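This is what each chain is made of:
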Amino acid sequence: MTELQQHLDALLAQAIGQAAAVGAPVSSHICSQVRINGRAKTRFGCCRASGRGYVIEVSAALCAARDQAILQVLAHEVLHTCPGCANHGPTWKGWAARMNRAYGYRIQTTDTHQALGLADQRPVRYLVVCSRCGQRLPRMKRSPLVDHPERYRCRCGGRLFLAQGLPPGPHP
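About the thresholds
- Residues numbered from 1 in each chain as written.
- Predicted model: local features only at pLDDT ≥ 70, side-chain atom pairs only at ≥ 80, totals over all residues.
- Heavy atoms only, no water.
- Helix = DSSP H or I, 4+ residues; strand = E, 2+ residues; numbered from the N terminus.
- Buried < 20%, exposed > 50% of the residue type's maximum accessible area, 1.4 Å probe, protein only.
- Contact = heavy atoms within 4.5 Å.
- Expected span 1.5 Å × (residues − 1).
- Polar contact = N/O pair within 3.5 Å; in protein donor to acceptor, adjacent residues only side chain to side chain.
- Salt bridge = Lys/Arg side-chain N within 4 Å of Asp/Glu carboxyl O.
- Core = buried A, V, L, I, M, F, W, Y, C linked by side-chain atoms within 4.5 Å.

S.K.: Describe the overall build of the protein, and please don't skip the residues or the numbers.
M.R.: A tally of helices and strands in the protein yields four helices and six strands. With the C-alpha coordinates aligned to their principal axes, the bounding extent of the protein is approximately 55 × 35 × 30 Å. Classification of the 172 residues of the protein by burial places 41% in the buried group. The long-range share in the protein, meaning contacts at least 24 apart out of those at least 6 apart in sequence, stands at 53%.

S.K.: How would you summarise helix H1 (residues 3-21) if you had to cite specific residues and measurements?
M.R.: Spanning 19 residues, H1 covers 27 Å between terminal C-alpha atoms, matching the ideal 27 Å at 1.5 Å per step. Considered for burial, the residues of H1 that qualify are Gln 5, Leu 8, Asp 9, Leu 11, Leu 12, Ala 15, Gln 18 and Ala 19. The secondary structure elements touched by the buried residues of H1 are strand E1 (35-37), strand E3 (53-59), helix H2 (67-79) and helix H3 (90-103).

S.K.: Which residues make up the side chain of Thr 81, and what are the values?
M.R.: Along the polypeptide, Thr 81 turns up in the loop between H2 and H3. Residue Thr 81 is classed as buried on the basis of its relative accessible area, which comes to 4%. Of note is the side chain of Thr 81, whose polar atom sits 3.2 Å from the backbone nitrogen of Ser 27. A polar side-chain atom of Thr 81 sits 2.7 Å from the main-chain carbonyl oxygen of Val 78. Excluding anything up to four places from it in sequence, Thr 81 contacts Pro 25, Val 26, Ser 27, Ile 30, Cys 47 and Tyr 54.

S.K.: An account of the pattern of salt bridges is requested, with residue identities and associated values reported.
M.R.: Applying the stated criterion across every chain yields a total of three salt bridges. For Glu 57, the salt bridge is made with Arg 48, and the minimal N-O distance between the two is 3.4 Å. Residue classification places Glu 57 among the buried residues on the basis of a relative accessible area of 10%. Its salt-bridge partner being Asp 147, residue Arg 142 comes within 2.7 Å of it at the nearest N-O pair. Residue Arg 142 is classed as partly exposed on the basis of its relative accessible area, which comes to 39%. A cluster of three or more residues bridged by salt bridges with shared partners is formed by Arg 43, Arg 48 and Glu 57.

S.K.: Please give an account of the nonpolar core that cites residues and values.
M.R.: By size, the foremost hydrophobic cluster in this structure holds 35 residues, and its most contacted members are Leu 62, Leu 74 and Leu 79. At the level of elements, H1, E3, H2 and H3 are the ones that each hand at least two residues to this core. Among the elements that take part in this core, H2 stands out by supplying eight residues, more than any other. Leave out the neighbours within four places in its chain, and Leu 74 touches Leu 8, Leu 11, Leu 12, Ala 15, Val 34, Ile 56 and Val 58. Among the nonpolar cores identified, the runner-up in size contains six residues, and Val 128, Cys 130, Leu 137 and Leu 145 belong to it.

Here is the structure:
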């Protein structure tokens, strides 16, 4: 077992202990070994139901983050093992809020490379920009936002446009 694997497993045990300490009914059937996913580019962690238990996986990119960020992602995934928390519904959000208050985390439904202190090295194929505030929305994959930015608005209320990617004209 590598030093990194041992470190991740120890952080998982810590995240499980923290969740239990705030009263979260975490499963007692969580695999004690964290899986590292070398292919994941857009997510940092995953909790998979496996047989009668759960397996928690993190992206290889997350392993470069500071321990607090890794713990936050592991805690997020551990909370998915609680009854009624397979999704990011109200029950899951309630437990996440308790973890945030108790341990200074910022557990939310999704996270960004920047928030976790990581460099985002994913290739940007499309760039949507706000005409009012200049907010840049990089996208790796084609989506309704990329195909029709005119249908969406920025948080500031500005109109969005595609600055990089598809040529102008109709798109399916």
